[in-house]
Amino acid sequence: VEFVADWSLISYKIIYEEKGGKEIPDSTYTIEQGISELPTPEREGFVFDGWYRDGEKVTSIPAGTGDVTLVAHWEVITYTLSFVTNNGTTIEPIVYTYTNANAVSLPADLTKAHYTFDGWYDENGTKLESVPLSSKNDQTEIEVTIYAKWTPFEYTITFDTNGGTPLESKKYNIEADTFKLPTR
């Protein structure tokens, strides 16, 4: 009688604790094949700082045995928001993070002679309703500049010709070219 051994590899789990990041499904490894590249999770307002196993940063899982738990570490993105008011006043920059952005309001009480404040805009001309949140590669400190937009008041000039030929009224604003007033 001859006996033949039949071996099958045991797969071990790699459990990912994302700590607020988007869920990553568990994966497996064996005694013969490890994982050379670990997945990169995403989390809004944060930069991924790596996977940690038992307090040590790891970038791969070597071939081996036993289930493994990896814990994601994150660095918060800090934003510094600067303002270009275009009215001669200065507003101090605001520093905020994703987690406290809802508590930050854009200044709305700006004034400029002969203009109405039309809001804050980014460098692409998009109107902002709240503080901007974006990420740039792996930067944890992001500087953002926004710009005040002003709309000139529109005035209507009407002419009292004092019995002469009536003249149409003219629209005028502070940015319009000057025009010659009618004479007799």
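*Asks:* Could you give an account of unusual backbone geometry, naming the residues involved and the relevant values?
*Replies:* The backbone of Asp54 sits at a positive phi, close to 55°, despite the residue not being glycine. Position of Asp54 relative to the elements: it lies in the loop between strand 3 (46-53) and strand 4 (56-58). For Asp54, a relative accessible area of 75% puts it in the exposed group. Not every positive phi belongs to a glycine, and Asn162 is a case in point at roughly 55°.

*Asks:* Tell me about the sheet that holds strand 9 (residues 127-128), residues and numbers included.
*Replies:* Read from one edge to the other, the open sheet built from five strands follows the order 7-6-10-8-9, with strand pairing classed as mixed. Unpaired on one side and paired on the other, strand 7 (94-97) and strand 9 mark the two borders of the sheet. Pairing of strand 6 (residues 78-84) with strand 7 involves four bridges; the strand directions are antiparallel. Bridge pairing links Thr80 to Val95 in strand 7.

*Asks:* Please provide a residue-by-residue account of the environment of Thr111, values included.
*Replies:* Tracing the backbone shows Thr111 in the loop between strand 7 and strand 8 (115-121). Sequence-distant contacts of Thr111, that is, excluding residues within four places in its chain, are made with Asn87 and Trp150.

*Asks:* So what about the environment of Arg53? Which residues, and what values?
*Replies:* When you line up the elements, Arg53 lands in strand 3. Since its relative accessible area comes to 29%, Arg53 is described here as partly exposed. Taking C-alpha positions, Arg53 is 7.7 Å from Val68, a pair spaced 15 residues apart along the chain. Setting aside residues no more than four positions away along its own chain, Arg53 makes contact with Val58, Ile61, Val68, Thr69 and Leu70.

Cut-offs applied
Residues numbered from 1 in each chain as written. Predicted model: local features only at pLDDT ≥ 70, side-chain atom pairs only at ≥ 80, totals over all residues. Heavy atoms only, no water. Helix = DSSP H or I, 4+ residues; strand = E, 2+ residues; numbered from the N terminus. Buried < 20%, exposed > 50% of the residue type's maximum accessible area, 1.4 Å probe, protein only. Pairing = 2+ DSSP bridges. Contact = heavy atoms within 4.5 Å.

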